[in-house]
Amino acid sequence: MSETTLKGKAKHNGSSNVILDVRDIYTYFKTESGVVKALDGVSFDIREQESVGIVGESGCGKTVTSRSILRILPKNGEVVAGEIYYRGVNLMDLTEKQMRHVRGKEIALLFQDPLSALNPVLSIREQMVDVIQLHRGVDEEEAANIAIKMMKAVGIPEAEHRIDDYPHQYSGGMRQRILIARALALRPKLLIADEPTTALDVTIQAQVLDIIQRMRKEYGLSLMLITHNLGVVSENTDRIHVFYGGRVVESGPTRAIFKDPHHPYTIALLESIPSFKKGKGKLATIPGSVPQLINPPKGCRFHPRCPYATDICKTRPPMEKIGEDRYVACFHVDTVIADRKNRLAKSSS
Ligand SMILES: Nc1ncnc2c1ncn2[C@@H]1O[C@H](COP(=O)(O)OP(=O)(O)O)[C@@H](O)[C@H]1O
Ligand SMILES: [Mg+2]
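Residues numbered from 1 in each chain as written. Chains lettered and ligands numbered in written order. Predicted model: local features only at pLDDT ≥ 70, side-chain atom pairs only at ≥ 80, totals over all residues. Heavy atoms only, no water.

**Focus: the overall build of the protein**
At step 1: Along the backbone of the protein there are 12 helices and 12 strands.
At step 2: For 349 residues, the compact-globule estimate of 2.2 N^0.38 gives 20 Å, and the protein sits close to it at 21 Å.
At step 3: Once the C-alpha set of the protein is aligned to its principal axes, its extents read approximately 65 × 45 × 45 Å.
At step 4: Sorting the 349 residues of the protein into buried and exposed places 50% on the buried side.
At step 5: Sequence separation of at least 24 residues holds for 65% of the intrachain contacts in the protein that already meet a minimum separation of 6.
At step 6: For the protein, the computed accessible surface area is about 16900 Å², with 51% contributed by carbon and sulfur atoms.
At step 7: The average position of the 48 basic charges and that of the 41 acidic charges among the side chains of the protein differ by 4 Å. (Helix = DSSP H or I, 4+ residues; strand = E, 2+ residues; numbered from the N terminus. Rg over C-alpha atoms; globule rule 2.2 N^0.38 Å. Buried < 20%, exposed > 50% of the residue type's maximum accessible area, 1.4 Å probe, protein only. Contact = heavy atoms within 4.5 Å. Areas by Shrake-Rupley, 256 points an atom, 1.4 Å probe, with all protein chains shown as cover. Lys, Arg positive; Asp, Glu negative; His and termini not counted. Charge placed at Lys NZ, Arg CZ, Asp CG, Glu CD.)

**What about the side chain of N90?**
At step 1: Along the polypeptide, N90 turns up in strand β5 (residues 89–90).
At step 2: Using a relative accessible area of 10% as the deciding quantity, one classes N90 as buried.
At step 3: When neighbours within four sequence positions are excluded, N90 is seen to be in contact with E83, I84 and Y85.

**Comments concerning the sheet that holds strand β6 (residues 107–110)**
At step 1: Taking strand neighbours across the sheet as the criterion, the 8 strands line up as β6-β7-β8-β3-β9-β10-β12-β11 in an open arrangement whose pairing is mixed. Strand pairing shows two members of the sheet lacking a second neighbour, β6 and β11 (320–323), which therefore form its edges. On average, each strand axis in the sheet is inclined to that of its neighbour by 20°, with strand direction left out of account.
At step 2: Pairing of strand β3 (residues 51–55) with strand β8 (residues 222–227), which is carried by 5 bridges, proceeds in the parallel orientation. Residue pairing across strands places V55 opposite T227, the latter belonging to β8.
At step 3: Contacts from helix α3 (residues 96–106) reach β6 and β7 (190–194) within the one sheet, and its direction differs from that of β6 by about 65°. (Pairing = 2+ DSSP bridges. Axes fitted to C-alpha atoms, helices over the stretch in contact; angles between N-to-C directions.)

**Focus: the environment of A329**
At step 1: Within the secondary structure layout, A329 lies in the loop between β12 (326–328) and α12 (333–348).
At step 2: Take A329: its relative accessible area is 7%, and that puts it in the buried class.
At step 3: Counting along the chain gives 67 residues from A329 to H262, while the straight-line C-alpha distance between them is 9.2 Å.
At step 4: Here A329 is in contact with V248, V249, H263, P317, P318 and M319, once residues within four sequence places are set aside.

This is the structure in structure tokens:
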């Protein structure tokens, strides 16, 4: 989609620096055992040039969110309600043809497993040049030059030669670098990275995240970094949206949330990281298990696991603003905050 098409279509006047505004989306899957309500009224936003973390345990709806945004859900899945504004345009209103321009050229997606995103029987050249030609409108030679330049930018040595290698000739970390190079060669404005380093060795993870950050700053991209790893979000994001059971339960600046989490789930999540439990090396676990989403708990989906739960929690808590840029969905937030303050005061005295 050209710049003008996008502008012409923009009807929505949100805050001007918001690039992606996800509003109250519901994504359901039809299965033999019933309807899986994977996303149940998810709202969040991402601003221009901002790095935003989407955090939560496995199964809370992170991947479904990225696939809903790009409209690449499996056949049995559908966004049944809600709006997803990208630069003021509701992606839900676009035709499939328009959506194909958005994918890659406007919003790029990086997957967890770099191997499955590459075709094993095609050389890297073949897998990069066509897409670059298509989206950048350049000839084959120019596309190859862009590919090589991008491969160098992400730290692939001897890119001029290695471009003719096949995926199996690269390590996992190098494959992810190639996918970053390919994605950014199209000059997208938003990069969605879904657990981009989870499949990689720990030592390689930091390098790949560094490259993503470096490229983000260089190209002025917005980043939606999906991860279950709190260490990764604390070092790589400006703001976070905490997911639980297909909803956002808390949003705010990363530093503020790590210092002073407000939702009982966020607190439990942070206390489950060893380094956050001062003096104790033991990994705390959150009692209970993640909700199954065919028959989810009524009201707040965390209430069966929550130490603060009362009857009112069987109704849905609204997302409320409780400070500069800070939002939380919990009826008992005042008690939770006071309680945590007391606990911290006691443990430091
Ligand atoms: N194709 C599908 N059919 C049925 N349920 C699905 C499908 N894909 C995902 N789900 C369900 O949606 C929920 C969210 O999944 P997902 O977004 O993959 O979680 P994660 O946060 O780990 O990325 C899970 O309960 C999952 O079982
Ligand atoms: Mg996932």
